[in-house]
Amino acid sequence: MILAGLTLLAIGLADVLRRFLHRRALWIGIAVAGVLVLVLATLGGAYLHAVVGLALAVLWVWLLPLDGRPRFSFWPAVLLAVLVVALVAFMPARAVTGLFAGRWLATPFGPIGFDLLVLALGVFAVLLETGNVIVRAALLGEQAEIPADVSADRDAPPAGAVAGLVPVAPSVLDPGTPTASEPTPPAPSADPGFRGGRLIGPLERAIVLLLTLFAAYPLLAAMLAAKGIVRFPEISRDGVNGGRAEYFLVGSLVSWVVALGGALLLWWAARAGS
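Small disclaimer: the values here were computed from a predicted structure and weren't measured.

**Some remarks on the confidence of the model for the protein chain**
The share of residues in the protein chain with pLDDT of 70 or more is 73%, and the mean pLDDT across the chain is 79. Scored below 50 in pLDDT, residues 146–168 makes 20 contacts in the model with residues more than four places away or belonging to other chains.

So this is what it looks like as C-alpha cells:
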C-alpha cells in the first residue's frame, strides 16, 4: 500500500509542478518535491519505496508529456491503474511504519494509519493535474477532437471583408459612401470567453471523490446530471458527425472514472487494513 501511495503522490506532484512552473523554477520545484517525498518516506520507514515511486513518476512524465502526443496513447494510465490496484491488493498496510508506528489519525471515516494517509494524499494529488493529463491522453488516443465543420463559423464574413461594411457593385458606388477598400479601424477581436476547464476538472473529481466516500449518492447523481444539463445547449449545436458530443462524453467519463477509481481504491485499502 505504501508503494502505491508514494507512487501516486510523486506522479501527482510532478504533474502539478510541470503545469505551473517552467524552466529553472520547474527543476527547483521537482527537486524540492522529491526531497520532501524522500523525507516523508524515510520517517515512515519506506525509503526504498519512495525511490521506486520517484522512478515511476519520471517514467510517467516521459510517457505522457504535456506538449505533443502521449507515447503509447492511453495505455500508461491503464497500466498505472493496474499497478496501483495490485499493490493495494497484495501489499496491505505495514505493521511497522517507522516513527509513525502506533500513531493513528482521527478522521470522519475512523482512525487511519500512516500508509493509508499517504495513499489518500496520493489519490488527492492525482485528482488535480494528473486527471487532466489522463483525460487529454484519452481524447488524443481516441481522436475525439471537435471537427472543423463543428467549430467553424459558417456565417462568418469573407476574409477580405471589413466589419460593418457591405461590398457593392462598382456601378453603384457613391464617392461619399465608405467602402471596404477604404482604411478603417481594425475590428476588435472576439472574446474567447472564460477557459476554466483545467479548474473545473479537478474540482469535479474532488467532489465526486468526497460524495462517493460519504455515500452521498443522490447528491452525486444530481451533480453529474447538472453538468449534462449545463452543457446541453453546446452539445445541441453539434454537427452531423457528433464530434462535440463525443468530446464531452469521453472527457467527462474518463474524469469520473478517475475520481470513482480513487474512491474505490481508498475504500478497499481501508477495508483491507481494518
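**Focus on the pattern of salt bridges**
In total, this model carries three salt bridges according to the counting rule given. Linking D15 and R18 is a salt bridge whose minimum nitrogen-to-oxygen distance equals 2.7 Å. Note that D15 and R18 are positioned in helix α1 (residues 2–20) at a spacing of three residues, about one turn of the helix. Each member of the pair D15 and R18 is classed as buried.

**Digging into the nonpolar core**
One finds L8, W60, V84, V88, L119, V123 and L265 to be the most contacted residues of the largest nonpolar core, which totals 39 residues. Listed by contribution, the elements that provide at least two residues to this core are α1, α3 (47–63), α4 (75–90), α5 (114–141), α7 (197–213) and α9 (243–273). Ranked by residues supplied to this core, first place goes to α5 with 11 residues. If we ignore the near neighbours within four places in the chain, the residues touching L119 are M1, A4, G5, L8, V88, L265, L266 and A269. Counting 10 residues, the second largest nonpolar core, distinct from the first, contains L9, A41, A46 and V118.

**Here's the deal with unusual backbone geometry**
Phi at R23 is positive, roughly 55°, even though this residue is not glycine. Turning to its location among the elements, R23 is positioned in helix α2 (residues 23–43). Among the residues examined, R23 registers a relative accessible area of 74% and is labelled exposed.

**A look at α4**
Helical periodicity: at 3.6 residues per turn, an α-helix aligns residues three or four positions apart in one direction. The end-to-end C-alpha distance of α4, which contains 16 residues, comes to 22 Å, matching closely the 22 Å that a straight helix rising 1.5 Å per residue would cover. Among all positions of α4, only P76, A77, L80, V84, L87 and V88 are buried. The buried side chains of α4 occupy one side of the element, clustering within an arc of 100° when seen end-on. Facing away from the buried side of α4 by over 90 degrees, the exposed positions are W75, L79, V82 and F90.

Reading the values: the criteria
- The numbering scheme is per chain: residues are counted from 1 as the chain's sequence reads.
- Per-residue local features of the predicted model are confined to residues with pLDDT of at least 70, and side-chain atom pairs are confined, for both listing and counting, to 80 or more; whole-chain, interface and lining totals are unaffected and use all residues.
- The side-chain quantities take in all heavy atoms of the structure and omit both hydrogens and water.
- Residue-level confidence of the predictor, termed pLDDT, takes values from 0 up to 100.
- The contact criterion used is simple: two residues touch if any of their non-hydrogen atoms lie within 4.5 Å.
- A carboxyl oxygen of Asp or Glu within 4 Å of a side-chain nitrogen of Lys or Arg is what we treat as a salt bridge.
- Here a helix means four or more residues in a row that DSSP labels H or I, a strand means two or more in a row labelled E, and each is numbered from the N terminus.
- We call a residue buried when its accessible area falls under 20% of the maximum for its residue type, exposed when it is over 50%, and partly exposed in between, using a 1.4 Å probe and counting protein chains only.
- Throughout this description, the term nonpolar core refers to a set of buried Ala, Val, Leu, Ile, Met, Phe, Trp, Tyr and Cys residues connected via side-chain atoms within 4.5 Å.
- Each helix should span, by expectation, one fewer than its residue count multiplied by 1.5 Å.
- Regarding the arc, it is the one traced by the directions from the helix axis to the C-beta atoms.

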